[in-house]
Amino acid sequence: MKLDEEQTARFCQGCKMYAGDAGGKGVSCVWEDVRRVTEPHVVTDPVMEFIKNQTRSVGTNYLMDMTYLSVNL
């Protein structure tokens, strides 16, 4: 997809992650990321970035709490 004025106006302007046009070289997006990433974090494959950003780490405390809830309900 070509990032032009129409694309920016139709999709980027309404996106809560939109942070500008990256100096005319692309688009800047900002979001809170719980992963350890570089600063700035450069993304070349938006689909793969979305998939990776959906991964959440679940600790043992969470699993023990869920087990306790399921046993005591």
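See the structure shown above.
Residues numbered from 1 in each chain as written. Predicted model: local features only at pLDDT ≥ 70, side-chain atom pairs only at ≥ 80, totals over all residues. Heavy atoms only, no water.

1. Things to note about the environment of Asp21
Here is the rule we go by: The way it works is that DSSP assigns letters per residue, a run of H or I at least four long becomes a helix, a run of E at least two long becomes a strand, and they are numbered from the N terminus. Between buried and exposed lies partly exposed: a residue is buried under 20% and exposed over 50% of the maximum accessible area for its type, with that area taken using a 1.4 Å probe on protein chains only. In this analysis, two residues are considered to be in contact whenever any of their non-hydrogen atoms come within 4.5 Å of each other. Throughout this description, a polar contact denotes any pair of N or O atoms lying within 3.5 Å of each other; where both atoms belong to protein, one of them has to be capable of donating a hydrogen while the other can accept it, and for residues adjacent in sequence the pair is counted only when both atoms sit in side chains.
Structurally, the position occupied by Asp21 is in the loop between helix 1 (5–12) and helix 2 (46–53). Since its relative accessible area comes to 45%, Asp21 is described here as partly exposed. For Asp21, the contacting residues outside a window of four places in its chain are Gly26 and Val27. Only 3.1 Å separates the side chain of Asp21 from the backbone nitrogen of Gly23, close enough to count as a polar contact.

2. Considerations on the pattern of salt bridges
The criterion, for reference: Should a side-chain nitrogen of Lys or Arg be within 4 Å of a carboxyl oxygen of Asp or Glu, the pair is scored as a salt bridge.
Overall, the coordinates contain 1 salt bridge when judged by the stated rule. Salt-bridge contacts for Arg10 lead to Glu6; the nearest nitrogen and oxygen are separated by 3.8 Å. One end of the pair is Arg10 and the other is Glu6, both in helix 1 and 4 residues apart, which spans about a single turn.

3. Here we look at the state of the cysteines
Applicable threshold: Defined by distance alone, a disulfide is two cysteine sulfur atoms within 2.5 Å.
For the structure on display, the rule yields 0 disulfides. No disulfide involves Cys12; its nearest neighbouring cysteine sulfur is the one of Cys29, lying 6.6 Å away. A disulfide-free cysteine, Cys29 has its sulfur positioned 6.2 Å from the sulfur of Cys15, the nearest such atom.

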